[in-house]
Amino acid sequence: AQSVTQLDSQVPVFEEAPVELRCNYSSSVSVYLFWYVQYPNQGLQLLLKYLSGSTLVESINGFEAEFNKSQTSFHLRKPSVHISDTAEYFCAVTDASGGSYIPTFGRGTSLIVHP
Amino acid sequence: GAGVSQSPSNKVTEKGKDVELRCDPISGHTALYWYRQSLGQGLEFLIYFQGNSAPDKSGLPSDRFSAERTGGSVSTLTIQRTQQEDSAVYLCASSLGVNNSPLHFGNGTRLTVT
């Protein structure tokens, strides 16, 4: 069974600083990878996803994530954060071989952006 | 179009009572998921429905938990004889039912058992 590790439960940063939220998964089988964001008092929404092709994927609000198969990682980065990026970020993995359609989620990382 | 709708948004109940949580998925989504979100625990998978197939109940924590999905659409999660440890946010999500489809989440039901 898959497991997803988000090493940092909380990441405080100042506005306009760069940030990296780490995500590692356990299995080396083919996977689909997702980052979801949960803004305060809202439901989770998709931020970006890796399905195939280029290992670097981007979101519309400046986040990017890179799939690294050898390190089984899918870290999320942003070169300059805004106050509005304050939210909970969840990494999720689905087995691409079709064995299970149930995504496994990490515990989440709380990004706190200070002015 | 309309997103995933969950009701109620908040529910406070006494220990030992039964509760029902409702989820109305996005029209046309064949897959429906229930997750539980507890503080610091991330998302815990509970149950998965896909079309007319038998649901995957492997995440239900005890036999006090059950769920059904009527007509391939609306789903109800029932917790019998609630305990304080059941207090959490219960999230419903739906998707197109293939493993590369992202999940669309509702805003959740915050359950508090007193």
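Coordinates for the structure precede this section.
The rules behind each value
Residues numbered from 1 in each chain as written. Chains lettered and ligands numbered in written order. Predicted model: local features only at pLDDT ≥ 70, side-chain atom pairs only at ≥ 80, totals over all residues. Heavy atoms only, no water. Buried < 20%, exposed > 50% of the residue type's maximum accessible area, 1.4 Å probe, protein only. Helix = DSSP H or I, 4+ residues; strand = E, 2+ residues; numbered from the N terminus. Pairing = 2+ DSSP bridges. Disulfide = S-S within 2.5 Å. 1 Å grid on protein atoms, 1.4 Å probe; cavity = no way out; pocket = protein on both sides within 12 Å on 5 of 7 lines; lining within 4 Å. Points joined across faces, edges and corners; volume = space filled by probe spheres on them. Nonpolar A, V, L, I, M, F, W, Y, C, P; charged D, E, K, R; others polar. Contact = heavy atoms within 4.5 Å. Buried area = accessible area lost by both parts, 1.4 Å probe. Polar contact = N/O pair within 3.5 Å; in protein donor to acceptor, adjacent residues only side chain to side chain.

Student: Would you mind going over the pairing of strand E7 (residues 75-79) of chain B in detail, with residue names and values included?
Tutor: Residue and element names in this part refer to chain B. Counting buried positions over the 5 residues of E7 gives 5, a clear majority of the element. Burial along E7 is two-sided: the face carrying Ser 75, Leu 77 and Ile 79 and the face carrying Thr 76 and Thr 78 are both buried. Where strand E6 (residues 65-69) lies against E7, 5 bridges are found, and the strand directions are antiparallel. Within E7, the residue paired with Phe 65 across the bridge is Ile 79. Taking the residues between adjacent antiparallel strands as the criterion, E6 and E7 are bridged by 5 residues, where Gly 71 takes a positive phi near 60°.

Student: Account for the state of the cysteines, with residues named and values stated.
Tutor: All names here are of chain A. For the structure on display, the rule yields 2 disulfides over all chains. One disulfide in the model links Cys 23 with Cys 91; its S-S distance is 1.9 Å. One quick way to see it: the torsion about the S-S bond of Cys 23 and Cys 91 is about -65°, and its sign makes the bridge left-handed. Taken together, the residues Cys 23 in the loop between strand E3 (19-21) and strand E4 (24-25) and Cys 91 in strand E10 (residues 87-95) connect sequence positions 68 residues apart.

Student: Lay out the layout of surface pockets in plain terms, naming residues and giving numbers.
Tutor: Estimates place the volume of the largest pocket at around 760 Å³. If you go around the largest pocket, you meet 34 residues; those closest to its centre are Gln 38 of chain A together with Gln 37, Leu 39, Val 89 and Arg 110 of chain B. Elements represented by at least two residues in the lining of the largest pocket include exactly E10 and strand E12 (109-114) of chain A together with strand E4 (31-38), strand E8 (88-95) and strand E10 (109-113) of chain B. Looking at the lining of the largest pocket residue by residue, the classes come out as 10 nonpolar, 21 polar and 3 charged. Ala 1, Gln 2, Ser 27, Val 93, Thr 94, Asp 95, Ser 100, Ile 102 and Thr 104 of chain A together form the lining of the second largest pocket. Residue contributions to the lining of the second largest pocket peak at 3 residues, all from E10 of chain A.

Student: Would you mind going over the interface of chain B and chain A in detail, with residue names and values included?
Tutor: With 21 residues of chain B in contact, the opposing surface of chain A contributes 23 residues. Summed over both partners, the interface of chain B with chain A comes to about 1700 Å²; 60% of that surface belongs to carbon and sulfur atoms. For the pair chain B and chain A, the interface holds 5 residue pairs in polar contact (both at pLDDT 80 or more). At the level of secondary structure, the elements contributing two or more residues to the side of chain B that touches chain A comprise E4 and strand E5 (42-50) of chain B. The element best represented in the side of chain B that touches chain A is E5 of chain B, accounting for 4 residues. Looking at the side of chain B that touches chain A residue by residue, the class counts come to 10 nonpolar, 10 polar and 1 charged.

Student: Hey, could you go over the side chain of Thr 13 of chain B for me, with residue numbers and the actual values?
Tutor: All names here are of chain B. Structurally, Thr 13 can be placed in strand E2 (residues 10-13). Accessibility expressed as a relative area gives 8% for Thr 13, which makes it buried. Among all residues touching Thr 13, those that are not within four sequence positions of it are Val 19, Thr 82, Leu 111, Thr 112, Val 113 and Thr 114.

Student: Break down the environment of Pro 102 of chain B for me, with residues and values.
Tutor: Residue position: Pro 102 of chain B is located in the loop between E8 and strand E9 (104-105). When the C-alpha positions of Pro 102 of chain B and Lys 57 of chain B are compared, they lie 20 Å apart, and in sequence the two are 45 residues distant. Non-local contacts of Pro 102 of chain B, meaning those with residues more than four positions away in its chain, are made with Phe 34, Tyr 36, Leu 46 and Lys 49 of chain A together with Ser 94 and Ser 95 of chain B.

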